[in-house]
Amino acid sequence: MLVPLMNTPRDYAWGSTTLIAELEGRTPTGAPEAEVWFGDHPGHPARVPDGRTLGEWLASGDAPEGTPERLPYLLKILAAGSPLSIQAHPSKAQAEEGFAREEAAGTPRDAATRTYRDANHKPEIIVALSDRFLALAGLRELAATRRLLDAVGEATAPLRAVLDSHPDDADALAAALIWILSPAAGAQVSEIIAAATDAASDEFRDELELVRHLQSHYPGDPGIVVAMLLNLVILRRGQGVFVPAGVLHAYIEGLGVEIMAASDNVLRGGLTPKHIDVAELTAILDPRPGPAPVLDPAAGTARTFTGGVPDFVLTQVTADPSAAVEVRMNGIAIAVATSGEVEITGADTQDRLTLRPGSAALITPNEGSVSISGTGEVFIAEPGQ
């Protein structure tokens, strides 16, 4: 069964005023349009043609036998016009423990100081639809960070002292994060930001340009210095990045398809006016440095993006006008078109939908497989294996 899905963009302040409208081929409204959600998450569920939310439809008994009442993932179109907050997400065990703790303490789930709004983890993948998508993902190798700090100059001496006081790189980076976000370091952090804003370096040209960009959006925010510890990732269209539990990350600008486990658990680490719980952030943090977890599957009509988690896998399908592409399903799926015009045909060849950029459909598990034809591109989200 193929079920059309509809939703409206979320108007978060960081959203682009043009990218989603351009994707959908309509005139921009002039307001920020940050995300379009295709899923049953109660925060902003998609709707089926009769007006019910997808969650209501799944729970109603109208779906074919074998269709689950909840989706394990949330699929989005994300359009960043300005930087999102630096953040990390807990593991499943950390989320369960933290949620139970805050429930027992009686902290309202919508409280500004609430950290765990559910008991689930939130690994995620984003795949660039823009020709250039900027992100921060994971802590950079410490040797390279030391070179960046050297290029910024003497103002970074207090931060370098924190890093040098720990022989283990992961311990050093965790301590540096705590120091940067501590109120006591405020004046020294401001001096680092000022020096980095004026600094120049051939090796770190993009990173220092990012510092200036972040300073223009979040003047004096300590997250700017946190960003200096992270890998800057410049994705080309069709490349992705996987963010597992505990990995600091932020999306800076661009349009992408994002898939994540269905959760609202976010621990922030800067570039935000919202609550930052430094102790809890460092408790769930994976401080090990390393390269950014970039995903770039081999070219083909079907390219699979996976983080090896059971919640989701994302497949990019390029329709071939000369022959249909057969895609086998692994449970309940959602397809969203991102270019051209794509026709999805179910096992019953009378069951078919045409999708244009920004439109989506639920594919119930009884289909088993679908046929993709036309001249465009579609991303299909389904449970992981």
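In what follows, the accompanying structure is described. (Residues numbered from 1 in each chain as written. Predicted model: local features only at pLDDT ≥ 70, side-chain atom pairs only at ≥ 80, totals over all residues. Heavy atoms only, no water.)

We now examine the nonpolar core. Core analysis: the largest hydrophobic core is formed by 50 residues, its most contacted members being Leu-159 and Leu-248. Of the residues forming this core, the biggest block, eight residues, is contributed by helix H6 (residues 169-181). Within the second largest apolar cluster, 36 residues are counted, among which are Phe-38, Leu-58, Leu-75 and Val-309. (Core = buried A, V, L, I, M, F, W, Y, C linked by side-chain atoms within 4.5 Å. Buried < 20%, exposed > 50% of the residue type's maximum accessible area, 1.4 Å probe, protein only. Helix = DSSP H or I, 4+ residues; strand = E, 2+ residues; numbered from the N terminus.)

This part takes up the packing of helix H4 (residues 142-152) against helix H5 (residues 157-164). H5 packs onto H4 with a crossing angle of 160 degrees between their chain directions and a minimal axis gap of 10 Å. One finds that H4 runs roughly antiparallel with respect to H5. When you trace H4 past H5, the crossing you get is left-handed. Of the residues in H5, those touching H4 at Leu-142, Arg-146, Leu-149 and Asp-150 are Leu-159, Arg-160, Leu-163 and Asp-164. Here the contact of H4 with H5 is built from residues that sort into four nonpolar, no polar and four charged. (Axes fitted to C-alpha atoms, helices over the stretch in contact; angles between N-to-C directions. Parallel < 35°, antiparallel > 145°, perpendicular 65-115°, else oblique. Left-handed = near helix turned anticlockwise from the far one by under 90°. Contact = heavy atoms within 4.5 Å. Nonpolar A, V, L, I, M, F, W, Y, C, P; charged D, E, K, R; others polar.)

With the rule as written, the count across this model stands at 24 salt bridges. One salt bridge in this structure joins Arg-146 and Asp-164, with 3.0 Å as the shortest N-O distance. Within this pair, whereas Arg-146 is found in helix H4, its partner Asp-164 is found in helix H5, the two being separated by 18 residues in sequence. On the basis of relative accessibility, which here comes to 29%, the residue Arg-146 falls in the partly exposed class. Here Glu-203 and Arg-147 are joined by a salt bridge, their closest N and O atoms 2.7 Å apart. Of this pair, Glu-203 sits in the loop between helix H7 (186-198) and helix H8 (205-217) while Arg-147 sits in helix H4; the two residues are 56 residues apart in sequence, bridging distant segments of the chain. Using a relative accessible area of 40% as the deciding quantity, one classes Arg-147 as partly exposed. (Salt bridge = Lys/Arg side-chain N within 4 Å of Asp/Glu carboxyl O.)

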